[in-house]
Amino acid sequence: MSEPSRYAVFGHPIGHSLSPQIHQAFAQQFGIALGYRAIDAAPAAFAGAVRDFFADGGHGANVTLPHKAAAFALADRRSEAAQRAGTANVLTRLPDGRLAAHNTDGTGMVRDLTERHRVDLRGHTALLLGAGGAARGVAWNLLDAGVETLTIVNRSPAAADALADAIGEPARAHTRYWEDLADIGSYDLIVNATSAGVLGSALDLPFALAGARALCYDLSYGAAAAGFLAWAKAAGARYAFDGLGMLVETAADAFELWHGHRPDTEPVYRTLRERY
Ligand code: NDP
């Protein structure tokens, strides 16, 4: 008899999620027989589906679009990373039955950059495109990793201002207008944390943003990242990375939280890289 699914990923849609495959690959490294499934829940059904899952013996859940803010809201306890982001991508059942929310986006992205791609972020001038959940998830970690300045630019300026205000370090983190992108100079690190690629829109960024030593990073991967990575290459950026490594690293953080083992992410990343 197979193990009941004590782990799951919630999203809508969820059919293309790589999380079940990543968690199974991690579990195999430790000989763990893992029950992990993908649960498609429309927004109105999300809270009920989560409650049912944990009431039926669920131990941990990954949460992806569009439920990260709802996951944060329904939790009883929230990690500092989740509080800073205002969203959660991990829900864990505590021994007393309450739910804890955590956000691993920032640690996952910075580890992908610093350990997999061996980038020392200290002293970089960074441009963060977007101010949604993922941008909020990575902003503090980029600052913690030592970027010198963080310029936040969002299509809707209010969200960028809210993020800069929440960071509260005006000398390091500030905003500019999307309309002024052509006039704000060049950056060492350009992070695309918009969902434009996923939504099938082009960003139309000026080449002047990418200096000769620029590192460009798109949080999305596969076809969704293709436009930004092509722009980075055409702009003469030194490096252009997608978010596949971040996805694997964020999953590793959740896996360690639930199972107490740190998986080796590299073979899992390499297997996925052959396909994306
Ligand atoms: P949200 O919906 O919370 O935010 C979307 C952001 O994209 C907003 O800032 C929005 O601006 C901006 N945006 C959308 N369309 C456009 C456009 N055409 N032009 C300019 N800006 C646009 O999404 P998330 O923050 O959760 O996710 C963002 C991306 O990050 C997604 O592609 C997601 O797949 C990826 N991601 C990858 C992860 C990984 O592990 N690799 C983890 C988490 C996210 P506005 O406020 O004006 O609407």
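Residues numbered from 1 in each chain as written. Predicted model: local features only at pLDDT ≥ 70, side-chain atom pairs only at ≥ 80, totals over all residues. Heavy atoms only, no water.

1. Describing the overall build of the chain
1) Next: Of the regular secondary structure elements, the chain holds 10 helices and 12 strands.
2) Next: For 276 residues, the compact-globule estimate of 2.2 N^0.38 gives 19 Å, and the chain sits close to it at 19 Å.
3) Next: Taken along its principal axes, the extent of the C-alpha atoms in the chain is 60 × 35 × 30 Å.
4) Next: With 276 residues in all, the chain has 50% of them scored as buried.
5) Next: For the chain, the computed accessible surface area is about 12,500 Å², with 51% contributed by carbon and sulfur atoms.
6) Next: Seen as two clouds, the 24 positive and the 29 negative side-chain charges of the chain have centres 3 Å apart. (Helix = DSSP H or I, 4+ residues; strand = E, 2+ residues; numbered from the N terminus. Rg over C-alpha atoms; globule rule 2.2 N^0.38 Å. Buried < 20%, exposed > 50% of the residue type's maximum accessible area, 1.4 Å probe, protein only. Areas by Shrake-Rupley, 256 points an atom, 1.4 Å probe, with all protein chains shown as cover. Lys, Arg positive; Asp, Glu negative; His and termini not counted. Charge placed at Lys NZ, Arg CZ, Asp CG, Glu CD.)

2. Quick word on the site of the ligand
1) Next: Looking at the ligand, there are 24 residues lining it, with A134, N154, R155, S156 and L219 nearest.
2) Next: Taking G133, its main chain carries an N or O atom lying 3.0 Å from an oxygen atom of the ligand.
3) Next: Between a nitrogen atom of the ligand and a main-chain N or O atom of L219, the distance comes to 2.8 Å.
4) Next: Bound to the protein, the ligand loses 81% of the 940 Å² it would expose on its own. (Near = heavy atom within 4 Å. Polar contact = N/O pair within 3.5 Å; in protein donor to acceptor, adjacent residues only side chain to side chain.)

3. Considering the domain arrangement of the chain
1) Next: Splitting the chain by domain gives domain 1 (5–103 + 248–273) and domain 2 (106–242).
2) Next: Here domain 1 and domain 2 have C-alpha centroids that lie 25 Å from each other.
3) Next: On the domain 2 side, the residues contacting the 14 residues of domain 1 number 15 residues.
4) Next: Of all residues in domain 1, R84, A85 and E249 bury the most surface against domain 2, accounting for 46% of the area lost on that side.
5) Next: Where domain 1 touches domain 2, the interface holds six salt bridges.
6) Next: Note that R111 and E249 form a salt bridge whose closest N and O atoms lie 2.8 Å from each other.
7) Next: Counting across the interface, domain 1 meets domain 2 through eight residue pairs in polar contact (both at pLDDT 80 or more).
8) Next: Partitioned by chemical class, the residues of the side of domain 1 that touches domain 2 number four nonpolar, four polar and six charged. (Domains from an automatic or database assignment. Contact = heavy atoms within 4.5 Å. Buried area = accessible area lost by both parts, 1.4 Å probe. Salt bridge = Lys/Arg side-chain N within 4 Å of Asp/Glu carboxyl O. Nonpolar A, V, L, I, M, F, W, Y, C, P; charged D, E, K, R; others polar.)

4. Brief notes about the pattern of salt bridges
Pairs can form between side chains of opposite charge whenever their charged atoms are close.
1) Next: For the structure shown, the criterion picks out 15 salt bridges.
2) Next: With a shortest N-O distance of 3.2 Å, R213 and D188 are connected by a salt bridge. In this pair, R213 is assigned in strand β11 (residues 210–218) and D188 in strand β10 (residues 187–192), connecting sequence segments 25 residues apart.
3) Next: Each of the salt bridges in this network shares a partner with another, and the network as a whole consists of R111, D112, R116, E249, D253, E256, R262, E266 and R270.

5. Side note on the packing of aromatic side chains
1) Next: Under the definition given, this model contains nine aromatic pairs.
2) Next: Aromatic side chains F10 and F46 sit 5.8 Å apart centroid to centroid with 85 degrees between the ring planes, which places their arrangement in the edge-to-face category. On the criterion of sequence distance, the pair formed by F10 in strand β1 (residues 7–11) and F46 in helix α2 (residues 43–55) is long-range, its members being 36 residues apart. Grouping residues by exposure puts F10 and F46 together as buried.
3) Next: Chaining the aromatic ring pairs together yields one cluster made of F10, F46, F53 and F54.
4) Next: The ring centre of F72 lies 4.6 Å from the NZ or CZ of R78, which sits over that ring.
5) Next: Across the ring face of Y269, the terminal group of R116 is positioned such that the distance to the ring centre comes to 4.2 Å. (Phe/Tyr/Trp six-rings, centres within 6.5 Å; stacked < 30°, edge-to-face > 60°. Lys NZ or Arg CZ within 6 Å of the ring centre and 35° of its normal.)

6. Describing the sheet that holds strand β6 (residues 99–102)
1) Next: With mixed pairing, six strands are arranged side by side in an open sheet as β2-β1-β3-β5-β6-β4. A single partner strand is all that each edge strand has here, and the edge strands are β2 (36–40) and β4 (77–78).
2) Next: The pairing of strand β5 (residues 90–93) with β6 spans four bridges and is antiparallel. Bridge pairing in β6 links T92 to A100.
3) Next: Across the sheet, helix α1 (residues 19–29) lies against β1, β2 and β3 (60–63), angled at about 165 degrees from β2, the strand it touches most.
4) Next: Where helix α9 (residues 244–259) meets the sheet, it contacts β1, β2, β3, β5 and β6, and its direction lies at approximately 5 degrees from that of β5. (Pairing = 2+ DSSP bridges. Axes fitted to C-alpha atoms, helices over the stretch in contact; angles between N-to-C directions.)

7. Focus: the environment of D264
1) Next: Within the secondary structure layout, D264 lies in the loop between α9 and α10 (265–273).
2) Next: Residue D264 is classed as partly exposed on the basis of its relative accessible area of 43%.
3) Next: Remark: the alpha-carbon pair of D264 and D218, spanning 46 residues in sequence, is separated by 23 Å.
4) Next: For D264, the residues in contact, after removing those within four places along its chain, are F26 and Q29.

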